[in-house]
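# Close look at the chain arrangement
Listed here are the chains, written in short residue letters.
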Amino acid sequence: EKICSGSSTSITLSGHTGTIQWQSSTDNTNFSDIGGQTTTSLSTGNLTATTYYRAKLTSGSCDPAYSSTATVTVDPTSVGGTAAPTLANVCSGSGTTINLSGYTGTIQWQKLNGSAWVNIDGQTSATLSTGDLTTTTSYRAVVTSGVCSSNNSSETTVNVDPTSVGGTAAPTLANVCSGSGTTVKLSGN
């Protein structure tokens, strides 16, 4: 069975003969008795590491027998981490990369579409390439460790600046006398 770090589960023994003494191990080799655990059901308590359990069964004066081993795999808690763009501002039609750091689990990148976060298909690595952008866009990663609940990274926004346009420069007067001036106006920039 798999559980998230800090969670617990229960194990039930069936098809046995003899008095029960539950045992646990962190290496599946060296088992120790769990004090007071002598019924058919065992509550593991909150676990932070993968743990192995078995029951030692003793019938009268007979040598002990052991049940099969039950493995409780513990997945680390999901950690969303920090998302940071290589460039926080790009020119329209350009892109950047966003790097995720300090995370635990598998990644699914999302972008904000209006007011809803939507998955970006196939984007599951620690580095996201935004592709060419034409509007300011926010991103985050949803990170999931095994069976643990997902955790979101910090949100980051890539600001898109409009493309520079030179416009048209036009003088008020096209011809002037030496020593005189005119005004040049810029439009469409």
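One can find the structure itself at the top, above this paragraph.
The model shown is predicted, which means the values in this text are computed figures rather than measured ones.

Sheet architecture is open: three strands sit in the order S9-S11-S14, paired in antiparallel fashion. Edge positions in the open sheet fall to strand S9 (82–85) and strand S14 (127–129), since each of these has one partner strand only. Direction aside, neighbouring strands of the sheet carry axes that sit 20° apart on average. Note that S9 and strand S11 (residues 97–101) share four bridges and pair antiparallel. What sits directly across from Ala83, in S11, is Leu100.

What follows concerns the nonpolar core. Ranked by internal contacts, the top residues of the largest apolar core, which has 14 residues, are Ile98, Leu100, Trp109 and Tyr139. Every element with two or more residues in this core is listed here: S11, strand S12 (106–113), strand S15 (137–144) and strand S17 (156–161). Look past the residues within four positions of Tyr139 in its chain and what remains in contact with it is Ile98, Gln110, Lys111, Trp117, Ile120, Leu128, Thr130, Leu133, Ser154, Glu155, Thr156 and Val158. Core analysis: the second largest hydrophobic core is formed by 12 residues, Ile11, Ile20, Leu47 and Tyr53 among them.

Here we take up the pairing of S12. Alignment of S12 against S15, held across six bridges, turns out to be antiparallel. Bridge pairing in S15 links Ile107 to Val143. Both S12 and strand S13 (residues 116–119) contribute to a ladder of four bridges, which runs antiparallel. Across the sheet, the residue bridging to Gln110 is Asn119, located in S13. Hairpin connection from S12 to S13: two residues lie between these consecutive antiparallel strands, with Gly114 at a positive phi of about 70°.

So, about the packing of aromatic side chains. Applying the stated criterion across every chain, the model contains zero aromatic pairs. Geometry around Phe31 places Arg54 over its ring, the cationic atom sitting 4.1 Å from the centre. One cation-aromatic arrangement involves Arg54 over Tyr66; the distance from NZ or CZ to the ring centre is 4.1 Å.

Below, the discussion takes up the state of the cysteines. Under the definition given, this model contains one disulfide. Between the sulfur atoms of Cys4 and its disulfide mate Cys148 the distance is 2.0 Å. Classification of the bridge connecting Cys4 and Cys148 rests on its S-S torsion, roughly 110°, and on that basis the disulfide is right-handed. Here Cys4, found in strand S1 (residues 2–4), pairs with Cys148, found in the loop between S15 and strand S16 (151–152); they are 144 residues apart in sequence, far enough to count as distant. Its relative accessible area of 15% is what places Cys4 among the buried residues.

The rules we used
Residues numbered from 1 in each chain as written. Predicted model: local features only at pLDDT ≥ 70, side-chain atom pairs only at ≥ 80, totals over all residues. Heavy atoms only, no water. Pairing = 2+ DSSP bridges. Helix = DSSP H or I, 4+ residues; strand = E, 2+ residues; numbered from the N terminus. Axes fitted to C-alpha atoms, helices over the stretch in contact; angles between N-to-C directions. Core = buried A, V, L, I, M, F, W, Y, C linked by side-chain atoms within 4.5 Å. Buried < 20%, exposed > 50% of the residue type's maximum accessible area, 1.4 Å probe, protein only. Contact = heavy atoms within 4.5 Å. Phe/Tyr/Trp six-rings, centres within 6.5 Å; stacked < 30°, edge-to-face > 60°. Lys NZ or Arg CZ within 6 Å of the ring centre and 35° of its normal. Disulfide = S-S within 2.5 Å.

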